[in-house]
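# Fold and geometry: a report
Given next are the chains, with one letter for each unit.
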Amino acid sequence: MAKIGIMGGTFDPVHNGHLLLGRQAYEEYGLDQVWYMPSGTPPHKRDHQVTGAGDRCAMVALAIRDYPYFRLSDFEIRREGNTYTAQTLQLLADQYPQHRFYFII
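Let me sum up the structure you'll find in this document. Sequence order as written defines the numbering, with residues in each chain counted from 1. Reporting of local features is limited, given that this is a predicted model, to residues whose pLDDT is at least 70; pairs of side-chain atoms are given and counted only at 80 or more, and all residues count toward the totals for whole chains, interfaces and linings. The basis for every side-chain value is the complete set of heavy atoms in the structure, and neither hydrogens nor water enter the calculation.

### Re unusual backbone geometry
Cis geometry marks the peptide bond from Asp-12 to Pro-13, where omega comes out at 5 degrees. With a phi angle near 55 degrees, Phe-11 is a residue other than glycine that sits in the positive phi range. Think of it this way: any DSSP run of H or I at least four residues long counts as a helix, any run of E at least two long counts as a strand, and we number them from the N terminus. In this structure, Phe-11 sits in the loop between strand S1 (2–9) and helix H1 (16–28). Each residue gets one of three labels from its accessible area relative to the maximum for its type: buried under 20%, exposed over 50%, partly exposed in between, using a 1.4 Å probe on protein chains only. By relative accessible area, which is 2% here, Phe-11 ends up buried.

### Some details on the packing of aromatic side chains
In summary, the pairing rule links any two rings of Phe, Tyr or Trp, Trp by its six-membered ring, whose centres are within 6.5 Å, and it sorts them by plane angle into stacked for under 30 degrees, edge-to-face for over 60 and tilted for everything else. Following the criterion strictly, the structure yields nine aromatic pairs and no others. For the pair Tyr-96 and Phe-101, a centre-to-centre distance of 6.3 Å together with 65 degrees between the ring planes defines the contact as edge-to-face. Through a chain of ring-to-ring contacts, the aromatic side chains of Phe-11, Tyr-26, Tyr-36, Tyr-67, Tyr-69 and Phe-70 assemble into a single cluster. Taking NZ or CZ as reference, Arg-71 lies 4.1 Å from the ring centre of Trp-35, over its face. We count a charge as sitting over a ring when the NZ of a lysine or the CZ of an arginine lies within 6 Å of the ring centre and within 35 degrees of the ring normal.

### A word on the pattern of salt bridges
A side-chain nitrogen of Lys or Arg and a carboxyl oxygen of Asp or Glu constitute a salt bridge if their distance falls within 4 Å. Inspection of the entire model under this criterion finds one salt bridge. Ionic pairing is found between Asp-74 and Arg-78, a salt bridge with its closest N-O pair at 2.8 Å. Residue Asp-74 is classed as partly exposed on the basis of its relative accessible area of 34%. We classify Arg-78 as exposed; its relative accessible area is 53%.

### Some details on the sheet that holds strand S3 (residues 70–72)
Spatially, the four strands line up as an open sheet ordered S3-S2-S1-S4, and their pairing is parallel. At either margin of the open sheet sits one strand with a lone partner, and together these are S3 and strand S4 (99–103). Across this sheet, the average inter-strand angle for adjacent strands is 30 degrees, counted without regard to direction. Each of S1, strand S2 (33–38) and S3 touches H1; the most contacted strand, S2, lies at about 145 degrees to it. The contact criterion used is simple: two residues touch if any of their non-hydrogen atoms lie within 4.5 Å. Orientation is described by axes fitted as lines to C-alpha atoms, over the contacting stretch for helices, and by angles from 0 to 180 degrees between their N-to-C directions. Running at roughly 165 degrees to S4, helix H3 (residues 85–95) makes contact with S1, S2 and S4 of the sheet. One requirement defines pairing of two strands: DSSP has to find at least two bridges between them.

### Quick notes on the nonpolar core
Throughout this description, the term nonpolar core refers to a set of buried Ala, Val, Leu, Ile, Met, Phe, Trp, Tyr and Cys residues connected via side-chain atoms within 4.5 Å. Judged by nonpolar contacts, the single largest core of 13 residues is most densely connected at Val-34, Tyr-36 and Phe-70. The set of elements that each furnish at least two residues to this core consists of H1, S2 and helix H2 (53–64).

Below you can see the structure in the form of structure tokens.
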């Protein structure tokens, strides 16, 4: 069973704070990986213009490329409609029962 940290967010743009938080969680909690998961359609940002999903994923991929324990996940991007953290965590548990997930906030 792998211990997977989930760093969710719009990542518009991804910045050093996101990377520092992911690295700190990885080290302090003995995680095996940290998955950076850009939001699909964040319901709380309806009044903001959000950069397209493909561009946000590309930004995250570039930002995490030097960290072997970071991984880009398009899990939320592939979902239709509004994406909510509680639903995402349940869907991850259902799809990957062999892993244990930790939401990093």
